[in-house]
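Structural overview for review
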Amino acid sequence: MTQNKLLSEGNFFEDFQLGQTLIHGVPRTITEGDASLYLALTGSRYPLYCARTVASNVGFEKVPLDNLLVFHIAFGKTVNDISLNAVANLGYAEAAFKIPCYAGDTLSVTSKVIGLKENSNGKTGVVYVHSSAANQHGELVISWKRWVMVHKKQRDSNSDASENYLPELKQQVEFHQQQLPSTINFSGWKEHYSDSQAKFDDLDIGDVLFHRDGITINDSDHSLATRLYQNNARVHFDQAMMDSSPHGKRLVYGGHIISICRALSYNGLGNGIWLSAINGGTHCNPSFAGDTIYCQSEILDKQPIEGRNDLGLVRIRMIGIKNNTPDKIETLYSTDNSRTRYHADVVLDLDYTVMMII
């Protein structure tokens, strides 16, 4: 039988070129059903995404979509072109949520290759991309940068070293760049909306919060979540392929870990109502079905928003841990010569900013 030559193998490291623009396929209209399924798969309790009365009370035209759901769906569009042949998604930077997204909006996604670095093993390389998602009106909804380790098609072959280029990545999305529409006002927020939890003024820089609960990842949960985002990376679905991998089992999509940790962080940070930026992030170790995820947060910085008396900005370092809790781990992470090393049970290190009720 002749192999189907029209079937794409996806891009390998050698297929990427610096400055290359990728227009990703399959635009996606997000529905209320998608939003409901996201709540079911993550257990998120942030009231703005659950109650029409709450959303309308603060000025939204209808219930907005959780920005992490929007991010995961936009991310999923990029997989077929960027990370179908990935070893691992390594990190994120400069993810900025520009405008609210609602059920009925359609996202289209493009990416530009901003960096390439061949690994010394001759088998893989790291690809850096800047991706952006726009709605049906051409308005920018979200943009982000990420880097992913990708297999080479010709193992042990030498690529053009002149193509190697590491982009400059900012440490954070500046506070002044993070704004909600002026029509949105949280001054009428009611305490019971978010279980009367801590507000902006109750938090101090350096505070550390362990969020108490754990969530065990079921096989069905992470598989269904990843399908919801139309993320077709084989490492999440193809057990026959993963049988011969060092892990011997399918990996949980790192975005699912982010959403679980964000859902867990409601205990203590429930008034961190609007995710406005992901400053940077690392998937430190793999997660698998059966793992139980716990979460700890550290308050890195906080700042009032000029001209607003309803919301302030809080920068948070969120640590996801599997099958363990921080009180039982002597050192979660350590930094030496600008390189951070993590305990084997740390699966996520995410630096993000929220707008929090004052």
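Preceding this paragraph is the structure being described.
Here goes a summary of the coordinates provided. Predicted model, so just to flag it, every value in this text is computed and none were measured.

1. A look at the state of the cysteines
Inspection of the entire model under this criterion finds 0 disulfides. Unpaired in terms of disulfides, cysteine 261 finds its nearest cysteine sulfur in cysteine 295, a separation of 4.3 Å. The class of cysteine 295 is buried, set by a relative accessible area of 0%.

2. Points about the pattern of salt bridges
Following the criterion strictly, the structure yields 10 salt bridges and no others. The salt bridge partner of glutamate 94 is lysine 145, with a shortest N-O separation of 3.2 Å. Taken together, the positions of glutamate 94 in strand S3 (residues 86–97) and lysine 145 in strand S6 (residues 140–151) put the pair 51 residues apart, joining distant regions of the chain. For glutamate 94, a relative accessible area of 15% corresponds to the buried category. Its relative accessible area of 14% is what places lysine 145 among the buried residues. A salt bridge links arginine 212 to aspartate 213; the shortest N-O distance between them is 2.9 Å. Relative accessible area serves as the criterion here: at 29%, aspartate 213 is assigned to the partly exposed category.

3. Concerning the side chain of lysine 322
Along the chain, lysine 322 turns up in strand S11 (residues 311–322). Notably, lysine 322 is buried but unbridged: the nearest opposite-charge side chain belongs to aspartate 291, and the N-O separation is 4.2 Å.

4. Quick word on the packing of helix H1 (residues 32–42) against helix H4 (residues 219–228)
Taken N-terminus to C-terminus, the directions of H1 and H4 make an angle of 155°; their axes are 10 Å apart at the nearest point. With respect to H4, the element H1 is oriented roughly antiparallel. For the crossing formed where H1 meets H4, the hand is left-handed. In this structure, H1 contributes Asp34, Leu37, Tyr38 and Leu41 to the contact, and H4 contributes Asp221, Leu224, Ala225 and Leu228. Grouping the constituent residues of the contact of H1 with H4 by class yields 6 nonpolar, no polar and 2 charged.

5. Concerning the pairing of strand S10 (residues 292–304)
Bridge analysis of strand S7 (residues 208–210) against S10 gives 3 bridges, and the strand direction is antiparallel. Looking across to S10, one finds that valine 208 is bridged to glutamate 298. Judged from the 2 bridges that link them, strand S8 (residues 215–216) and S10 form a sheet pairing that is antiparallel. The residue bridging isoleucine 215 from the neighbouring strand is isoleucine 293, located in S10. Between the antiparallel neighbours S10 and S11 lie 6 residues, among them glycine 307 with a positive phi of about 85°.

Quick notes on the rules
- Residues numbered from 1 in each chain as written.
- Predicted model: local features only at pLDDT ≥ 70, side-chain atom pairs only at ≥ 80, totals over all residues.
- Heavy atoms only, no water.
- Disulfide = S-S within 2.5 Å.
- Buried < 20%, exposed > 50% of the residue type's maximum accessible area, 1.4 Å probe, protein only.
- Salt bridge = Lys/Arg side-chain N within 4 Å of Asp/Glu carboxyl O.
- Helix = DSSP H or I, 4+ residues; strand = E, 2+ residues; numbered from the N terminus.
- Lys, Arg positive; Asp, Glu negative; His and termini not counted.
- Axes fitted to C-alpha atoms, helices over the stretch in contact; angles between N-to-C directions.
- Parallel < 35°, antiparallel > 145°, perpendicular 65-115°, else oblique.
- Left-handed = near helix turned anticlockwise from the far one by under 90°.
- Contact = heavy atoms within 4.5 Å.
- Nonpolar A, V, L, I, M, F, W, Y, C, P; charged D, E, K, R; others polar.
- Pairing = 2+ DSSP bridges.

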